[in-house]
Every structure is written in structure tokens, then in C-alpha cells.
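If you want the building blocks of each chain, they are given just below.
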Amino acid sequence: MGRRYFCDYCDRSFQDNLHNRKKHLNGVQHQRSKKAWFDTFRDASEVLAEEQTKKLCRRFIQCGQCDFGPGCRFSHLTVEELEALKGQVEAERRAREMQRRQLPPCNVERWLEERAKKKKACSNNDSVSQPPTYQLPPGWPPLCELPPSLHPPSEWDEPPGQEWG
């Protein structure tokens, strides 16, 4: 029977060969289905900007439906729906603004001071050097189940006078 190609956008399958695939991928039905799929991921500000540039669809206003559906070049949103969309865009903008405000400010000077203190404490304790402690991220399996590439570095001494590279 041969291989079959299934198009997720159009929800159909056909014999998989170069001619059929090119014909399908360049077809109008596939292009519309693909656009409709990606339009579901647009945010409210993009939809609002697009809808504000369109004129109202006379057929949709008179009959309550339009033969072109979502592919119509005119707007099918009422004034109330546009206002609700504006409110949603404003709410999303405020939420992003609040999220930005909640992030702690980046204070480089404080970090440099803490780093200098740690270095100073390490230089005072040079005679008693302890190997660094490593903690695995939460949710990881125990150390014995990890591959060697994910084990923490081991403490080993280089023979004197040996150079790497």
C-alpha cells in the first residue's frame, strides 16, 4: 500500500510522495487550516490591533452570520466585544507590569561586596581547605543512578610538574 502522510492541520492523510505532499502543502485548504491553528496562539493585543483596522462586516451585522467565517476580511466583533478585548489587553499589560515589579532589583555592588567577603574568608582559611559541597537539583535521582558525566568533580591531585594540554 505504501507510506501515508498525515497532515495534523487538515486532519487527513494521503499517499506520501513528493508530488502529493507538495500539492497538499501548497493548497488553499492546508494554508487556511495552518493559519487557523496558529491564530489560536495569538495574544489579545495582536487580535485587538488587527480587529481595529478592519471595518464592520455588513452581512454579519444584518444576518448574524457570514459565509466567509473567520476568513472574512471584515470584523465580526461587536462594540461590546471590542471593549471586552481592550479590557483583556489592559489586564494582561497590568499583570506583566506587576510581574516586572516583583522581581528583585539587580544589585551588583552588594554582590561584589559579598564575593569579596567570601574570598577574604577563604584566604584566611587556606591551611584548612575543604572540598566544595555539591547538591543535586530537586527531583534528580540519587548520585549512584546518575551517569558519570553528571557526577560532581572528584578531588584528585595532579602530579607536580605535569601540565595538561
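Residues numbered from 1 in each chain as written. Predicted model: local features only at pLDDT ≥ 70, side-chain atom pairs only at ≥ 80, totals over all residues. Heavy atoms only, no water.

1. Digging into the UniProt feature "zinc finger region: C3H1-type" (unreviewed entry) in the chain
Step number 1: In this structure's numbering, the residues bearing the UniProt feature "zinc finger region: C3H1-type" (unreviewed entry) are residues 51-79.
Step number 2: Annotated as residues 51-79, this span is 34% helix and 0% strand, and its ends, taken at the C-alpha atoms, are 11 Å apart. (UniProt positions renumbered as here; feature names shortened; annotations may be inferred. Helix = DSSP H or I, 4+ residues; strand = E, 2+ residues; numbered from the N terminus.)

2. Structural notes on the side chain of His30
Step number 1: Inspection of the secondary structure puts His30 in helix 2 (residues 28-39).
Step number 2: Look at His30 and you get buried, because its relative accessible area is 5%.
Step number 3: What His30 contacts, discounting residues up to four positions off in sequence, is Cys7, Tyr9, Cys10, His24 and Leu25. (Buried < 20%, exposed > 50% of the residue type's maximum accessible area, 1.4 Å probe, protein only. Contact = heavy atoms within 4.5 Å.)

3. Quick word on the pairing of strand 1 (residues 4-7)
Step number 1: Direction of pairing for strand 1 relative to strand 2 (residues 12-15): antiparallel, over a ladder of four bridges. Within strand 2, the position partnered with Tyr5 by the bridge is Phe14.
Step number 2: Between strand 1 and strand 2, which pair antiparallel one after the other, the connecting turn spans four residues, and Asp11 there sits at a positive phi close to 60°. (Pairing = 2+ DSSP bridges.)

4. Focus: unusual backbone geometry
Step number 1: Positive phi values are uncommon outside glycine, yet Asp11 reaches one of about 60°.
Step number 2: What makes Asp11 exposed here is its relative accessible area of 60%.

5. A closer look at the state of the cysteines
Step number 1: For the structure shown, the criterion picks out zero disulfides.
Step number 2: In this structure Cys63 is not part of a disulfide, and its nearest cysteine sulfur, from Cys57, lies 8.9 Å away.
Step number 3: This cysteine, Cys66, is not joined by any disulfide, and Cys72 carries the nearest cysteine sulfur, 3.8 Å off. (Disulfide = S-S within 2.5 Å.)

6. Some words on the packing of aromatic side chains
Step number 1: Inspection of the entire model under this criterion finds three aromatic pairs.
Step number 2: Look at Tyr9 and Phe38: their rings are 6.0 Å apart centre to centre, the planes differ by 45°, and that puts the pair in the tilted class. A residue pair is termed long-range when its members are at least 10 positions apart, and Tyr9 in the loop between strand 1 and strand 2 and Phe38 in helix 2 qualify at 29 residues.
Step number 3: Tyr9 gets classed as partly exposed once you look at its relative accessible area, which sits at 32%.
Step number 4: Relative accessible area serves as the criterion here: at 43%, Phe38 is assigned to the partly exposed category. (Phe/Tyr/Trp six-rings, centres within 6.5 Å; stacked < 30°, edge-to-face > 60°.)

7. Remarks on the layout of surface pockets
Step number 1: Each pocket or cavity is described by its volume, and for the largest pocket that value is around 590 Å³.
Step number 2: Taken together, 18 residues line the largest pocket, and the ones lying closest to its centre are Lys35, Asp39, Pro70, Gly71 and Cys72.
Step number 3: Counting residues per element, the lining of the largest pocket draws most heavily on helix 2, which supplies four residues.
Step number 4: Of the residues that constitute the lining of the largest pocket, the class distribution is seven nonpolar, four polar and seven charged.
Step number 5: In terms of domain composition, the lining of the largest pocket takes at least three residues from each of domain 1 (1-41) and domain 2 (43-121).
Step number 6: Empty space within the second largest pocket amounts to approximately 170 Å³.
Step number 7: Taken together, Leu56, Cys57, Arg58, Arg59, Cys66, Phe68, Cys72, Arg73 and Phe74 make up the full set of residues lining the second largest pocket.
Step number 8: Its residues placed into classes, the lining of the second largest pocket shows six nonpolar, no polar and three charged. (1 Å grid on protein atoms, 1.4 Å probe; cavity = no way out; pocket = protein on both sides within 12 Å on 5 of 7 lines; lining within 4 Å. Points joined across faces, edges and corners; volume = space filled by probe spheres on them. Nonpolar A, V, L, I, M, F, W, Y, C, P; charged D, E, K, R; others polar. Domains from an automatic or database assignment.)

8. Concerning the packing of helix 3 (residues 44-53) against helix 5 (residues 79-102)
Step number 1: At their nearest, the axes of helix 3 and helix 5 sit 9 Å apart, and the two run at 145° to each other. Helix-helix and strand crossings are classified by hand; for helix 3 and helix 5 the assignment is left-handed. Here Ala44, Ser45, Val47, Leu48, Glu51 and Gln52 of helix 3 lie close against helix 5, whose contacting residues are Leu82, Leu85, Lys86, Gln88, Val89 and Glu92.
Step number 2: Its residues placed into classes, the contact of helix 3 with helix 5 shows six nonpolar, three polar and three charged. (Axes fitted to C-alpha atoms, helices over the stretch in contact; angles between N-to-C directions. Left-handed = near helix turned anticlockwise from the far one by under 90°.)

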